Amino acid sequence: MDWPFFNGATKKKRNQMMAVDLGSRTTKAVLLERHGEVLALTRYALLDAPIYDKKLSVDLLADHLRTVSEALGGATKFVTLAIGLEDTVVRQVELPQIPVDEMRLVLRNNPKGYLQQDLPNYVFDCYIFAPKLPIGKAAESPKMIGMPKFKVLVAGAKQQLVNDFQAAVRGAGLMPDNIVPGLIGPVNAFELALPQVFANDCVALVDIGFKHSSICVLDHGDLVLSRVVNIGGDKLTTGLAEAMNITYAEAEGVKVGGAPEAQSALEMQVLPLGRELRASLDFYEHQQDRTVSQIYVSGGAARSEMILQMLHAEMIAECKTWNPAGFLQLALPGQQAVEIDHIGSQLTVAVGAALAAF
């Protein structure tokens, strides 16, 4: 099964695709369609995620995916799954100039040599970054082609997990098209949502999930750093509930609403996340002598202006939210058309995963 990292990676292009972001608490799903040269968002769904035991239940996931398909109108059988940050390994490495099939085999046989950890029973896929020529150096392209190594983005997951996901999709009466590491979703969506910034600036993408958050640094269109932080919206809400002696549901409302009386308590929860993210930026900036100019934040917590301000203060760079559906033609039914601006940041991973099919 392909892992389509970026636009154009799949061999079969679809005119319609359902993409499902399997979150720990909320499943986010979108239905995208091609209308000529235009991509349209025709439906989305936010559903409570099923409660899993320690071992993933294929039947439970199949039932859930069937419900997701019904919520999207059952318009297509093809599904792309974006799987959680904790279930995948994503690394940038250098590999010999060999076909991708051989790269997968090399990684499977020697994961520790390339990924610095033992990963038994994992399946891998690779995206080869095209070498960029310096301006005015086009005449040297043959030398570039002869470089001994490829810069490669590698993703891996347990073979059994991939098998289970495929079985669950088929059990729901659907067709598994691709599996995508959730980390890649924001990069895919950002490239089309803000193409000028993507191509010309050095920026960071922060996606705040339920259990984990990811940070990806993009430098003139290159993914130069990626990291997963074990702090997400759940930890922020739980800490806020304890600090203010309120229920979890009340704390979630306060967190997103940005009530002034909650500022100091919320700041104590956001501070560790900001420090972890700042450490990632410091590492890159010191290694490459480059400055990250702006930080684009997505995920449910990105709806809170107060959280954005707190991250800005800690990370010493402008933090702003962005709309992953901003480049899409909107063909949404009634209430969804009204709510898309409010919940759009939660669809970032799903939208980015769907783009691989087009």
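Residues numbered from 1 in each chain as written. Predicted model: local features only at pLDDT ≥ 70, side-chain atom pairs only at ≥ 80, totals over all residues. Heavy atoms only, no water.

1. Here's the deal with the sheet that holds strand S6 (residues 122-128)
Thought 1: Ordered by their spatial adjacency, 3 strands build an open sheet running S5-S7-S6, and the pairing between neighbours is antiparallel. Looking along the sheet, the strands with just one partner apiece sit at the ends: strand S5 (89-96) and S6. Averaged over all pairs of adjacent strands, the angle between strand axes in this sheet comes to 35°, irrespective of strand direction.
Thought 2: By the bridge criterion, 8 bridges tie S5 to strand S7 (residues 149-158) in an arrangement that is antiparallel. By the bridge assignment for S7, Val 89 is matched with Gly 156.
Thought 3: Contacts from helix H2 (residues 100-109) reach S5, S6 and S7 within the one sheet, and its direction differs from that of S6 by about 135°.
Thought 4: Contacts between helix H5 (residues 159-171) and the sheet are confined to S6 and S7, with S7 contributing the most and set at about 70° to the helix. (Pairing = 2+ DSSP bridges. Helix = DSSP H or I, 4+ residues; strand = E, 2+ residues; numbered from the N terminus. Axes fitted to C-alpha atoms, helices over the stretch in contact; angles between N-to-C directions. Contact = heavy atoms within 4.5 Å.)

2. Thoughts on the pattern of salt bridges
Thought 1: Summed over the entire model, instances satisfying the criterion amount to 13 salt bridges.
Thought 2: For the salt bridge of Glu 276 with Arg 227, the shortest nitrogen-to-oxygen distance reads 2.6 Å. Of this pair, Glu 276 sits in helix H10 (residues 263-288) while Arg 227 is found in strand S11 (residues 222-229), placing the two residues 49 residues apart along the sequence.
Thought 3: One salt bridge in this structure joins Arg 275 and Glu 314, with 3.9 Å as the shortest N-O distance. Of the two residues, Arg 275 sits in helix H10 while Glu 314 sits in helix H11 (residues 305-315), which places them 39 residues apart along the sequence.
Thought 4: On the basis of relative accessible area, Arg 275 is assigned to the exposed category, the value being 52%.
Thought 5: Within the structure, one salt-bridge network assembled from shared partners comprises Asp 101, Arg 104 and Asp 125. (Salt bridge = Lys/Arg side-chain N within 4 Å of Asp/Glu carboxyl O. Buried < 20%, exposed > 50% of the residue type's maximum accessible area, 1.4 Å probe, protein only.)

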